[in-house]
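Inside the fold
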Amino acid sequence: MQQLIEFVGNHYFLAGAWVVLFFAILFGFISANMSPIKEIGTHEATLLINKQDALVVDIRPAAEFKKGHILGAKQLKAEQVKNADFSTLEKYRGSPIIVVCAMGMTAKRTATQMLKAGFSQVKVLKGGMNTWQGANLPVSK
């Protein structure tokens with residue numbers, strides 16, 4: 001304990017950085033668990049697609065979508081995502097929906113917008129298409 005106090009006294013900036021990092025990780029963990037939008041892995045996504053006919057909504061740019069996308073995925077264009085225009089998905093309002101982006105970073109924002117628009121079963125593919133392709137799961141071109 002004495003060494004810890006001495007370290008903090010001599011390296012207060014470094015010790016402060018560790019404290020900030022600890023709380024940032026803690027905040028990220030708590031907010032992820034409290035969020036109404038759940039991130040799912042590739043296994044759970046394939047189960048939702050195969051057993052519950054989940055709709056996959058791909059929000060990547062058209063060029064990336066054409067290079068390869070999950071079988072049966074529907075693409076939302078950037079302006080639709082930006083304007084929260086989900087009118088093309090209206091008939092899927094009661095179905096499970098999996099939102100997919102390139103790396104799983106921007107899909108959560110779109111999923112939150114969809115939840116506010118009344119889509120109740122929205123999930124995000126953790127790691128996005130990179131994870132899907134990394135698991136060698138089928139891709140349509």
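Use the structure listed above.
Residues numbered from 1 in each chain as written. Predicted model: local features only at pLDDT ≥ 70, side-chain atom pairs only at ≥ 80, totals over all residues. Heavy atoms only, no water.

1. Side note on the side chain of Q80
- One can find Q80 in helix α5 (residues 78-82).
- Accessibility expressed as a relative area gives 13% for Q80, which makes it buried.
- Once residues lying within four places of it in the same chain are set aside, the contact partners of Q80 are Q75, D85 and T88. (Helix = DSSP H or I, 4+ residues; strand = E, 2+ residues; numbered from the N terminus. Buried < 20%, exposed > 50% of the residue type's maximum accessible area, 1.4 Å probe, protein only. Contact = heavy atoms within 4.5 Å.)

2. Topic: the pairing of strand β5 (residues 97-100)
- Where burial is concerned, the two faces of β5 agree: the one with I97 and V99 and the one with I98 and V100 are both buried.
- In this structure, strand β2 (residues 55-58) lies alongside β5, joined through four bridges in parallel fashion. Bridging across to β5, V57 finds its partner in V99.
- Crossover β5 to strand β6 (residues 122-125) through helix α6 (residues 107-116) is right-handed. (Pairing = 2+ DSSP bridges. Right-handed = clockwise from strand over helix to strand, strands pointing away.)

3. Concerning helix α3 (residues 42-52)
- Of all the positions in α3, only T42, A45, T46, L48 and I49 are classed as buried. Projected down its long axis, α3 carries its buried residues within an arc of 160 degrees, all on one side. Pointing more than 90 degrees away from the buried face of α3 are the exposed residues H43 and K51.
- Packed against the buried residues of α3 are β1 (38-40), β2, β3 (69-70), β5, β6 and α7 (128-134).
- Downstream of α3 by one or two residues, D53 has phi in the positive range, about 50 degrees. (Arc of directions from axis to C-beta.)

4. Side note on the environment of K108
- Assignment of secondary structure puts K108 in helix α6.
- The class for K108 is partly exposed, based on a relative accessible area of 23%.
- Here the alpha-carbon distance between K108 and I5, two residues 103 residues apart in the chain, equals 41 Å.

5. Overview of the nonpolar core
- Formed by 18 residues in total, the largest nonpolar core has its most connected members in I59, L89, I97, V99 and M114.
- Mapped onto this core, the elements with two or more residues apiece are β2, β5, α6 and β6.
- At three residues, the largest contribution of residues to this core is made by α6.
- Counting 14 residues, the second-largest nonpolar core is a separate cluster that includes A54, V56, I70 and L125. (Core = buried A, V, L, I, M, F, W, Y, C linked by side-chain atoms within 4.5 Å.)

Remember, this is a structural readout, not a statement about activity or role.
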